[in-house]
Amino acid sequence: MAAAAPPPSPTPAPAVIREDLVPTGHQVFSRIRLATNADVPHIHKFIHQMAVFERLTHLFSATESSLSATLFPENSPPPFTTFTIFLLEVSQNPFLPIDNQNCTNFSPIHKTINLDLPISDPEAEMFKSGGNDEVVAGFVLFFPNYSSFLAKPGFYIEDIFVMECYRRKGFGRLLLSAVAAQAAKMGYGRVEWVVLDWNVNAIKFYEEMGAQILQEWRVCRLTGGALEAFANVNI
């Protein structure tokens, strides 16, 4: 007698997908707000890190007290009429509302960014801001200038800096966009800044934004002893 055929293999049970195991990415809440005198310690650390990155530590002499005295003097003019700083803050949780910091033409900018991987910030404790897990991650310092060709004021960006672990995630673009948006809101004609010629990553980033890199222009500077010497020429 022939052997009986083996029973059919059981139909596999449908896979059950647990929602808590499905990758959902990592949300980072960001905020652009006006800096205050209380933020000077963070700003000072950022400027030093920027000097290290740009290989210009030999020119770095700013102190917290000198920054406080020049950026936030007593009876300082309103923001955007003098030196102004936007701070970039990040958090794993939504930010609580803050007041308009006594500025009638600017409100903090909020944006949620979705990342594939969490950000590991080794300096998070040093750059804590406010409560919980809020961290200051970057800044942009700018002030008004003027174009006689356009017969319009504009903004000149002196410094823009994002900490290493937060780069290439859209935060630098957010800082620049905040300055551009403020310039457009105020009817200004343009926003300008300079970039080191060896910083190819920054140059590519700015070009992708639509910025023109003006090769034919050179920065001229009098500083230190040369400034003092020329100050007394023919006077």
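Above this text you will find the structure in question.
Residues numbered from 1 in each chain as written. Predicted model: local features only at pLDDT ≥ 70, side-chain atom pairs only at ≥ 80, totals over all residues. Heavy atoms only, no water.

**Q** How would you summarise the pairing of strand β1 (residues 26–34) if you had to cite specific residues and measurements?
**A** Burial analysis of β1 places seven of its nine residues in the buried class, the great majority of the element. Sheet topology places β1 next to strand β3 (residues 109–115); seven bridges connect them, and they run antiparallel. Bridge pairing in β3 links His26 to Leu115. Here β1 runs beside strand β2 (residues 84–91); their pairing, made up of six bridges, is antiparallel. (Buried < 20%, exposed > 50% of the residue type's maximum accessible area, 1.4 Å probe, protein only. Helix = DSSP H or I, 4+ residues; strand = E, 2+ residues; numbered from the N terminus. Pairing = 2+ DSSP bridges.)

**Q** Any details on the environment of Thr112? Residues and values, ideally.
**A** Position of Thr112 among the secondary structure elements: in strand β3. Using a relative accessible area of 36% as the deciding quantity, one classes Thr112 as partly exposed. Separated by 82 residues in sequence, Thr112 and Ser30 place their C-alpha atoms 6.0 Å apart. Sequence-distant contacts of Thr112, that is, excluding residues within four places in its chain, are made with Gln27, Val28 and Phe29. (Contact = heavy atoms within 4.5 Å.)

**Q** Please provide a residue-by-residue account of the side chain of His44, values included.
**A** Looking at where His44 falls in the secondary structure, it is placed in helix α1 (residues 40–53). You can call His44 buried: its relative accessible area is 17%. The contacts of His44, once residues within four sequence positions are left out, are Phe60, Ala62, Thr63, Glu64 and Leu67.

**Q** Describe empty space enclosed by the protein, with residues and values.
**A** For the structure on display, the rule yields one cavity of 30 Å³ or more. By volume, the largest cavity is sized at about 30 Å³. Lining the largest cavity are Asn145, Tyr146, Ser147, Leu150, Lys152, Pro153, Gly154, Gly189, Arg190 and Glu192. At the level of elements, β4 (135–147) and β5 (152–162) are the ones that each hand at least two residues to the lining of the largest cavity. Looking at the lining of the largest cavity residue by residue, the class counts come to three nonpolar, four polar and three charged. (1 Å grid on protein atoms, 1.4 Å probe; cavity = no way out; pocket = protein on both sides within 12 Å on 5 of 7 lines; lining within 4 Å. Points joined across faces, edges and corners; volume = space filled by probe spheres on them. Nonpolar A, V, L, I, M, F, W, Y, C, P; charged D, E, K, R; others polar.)

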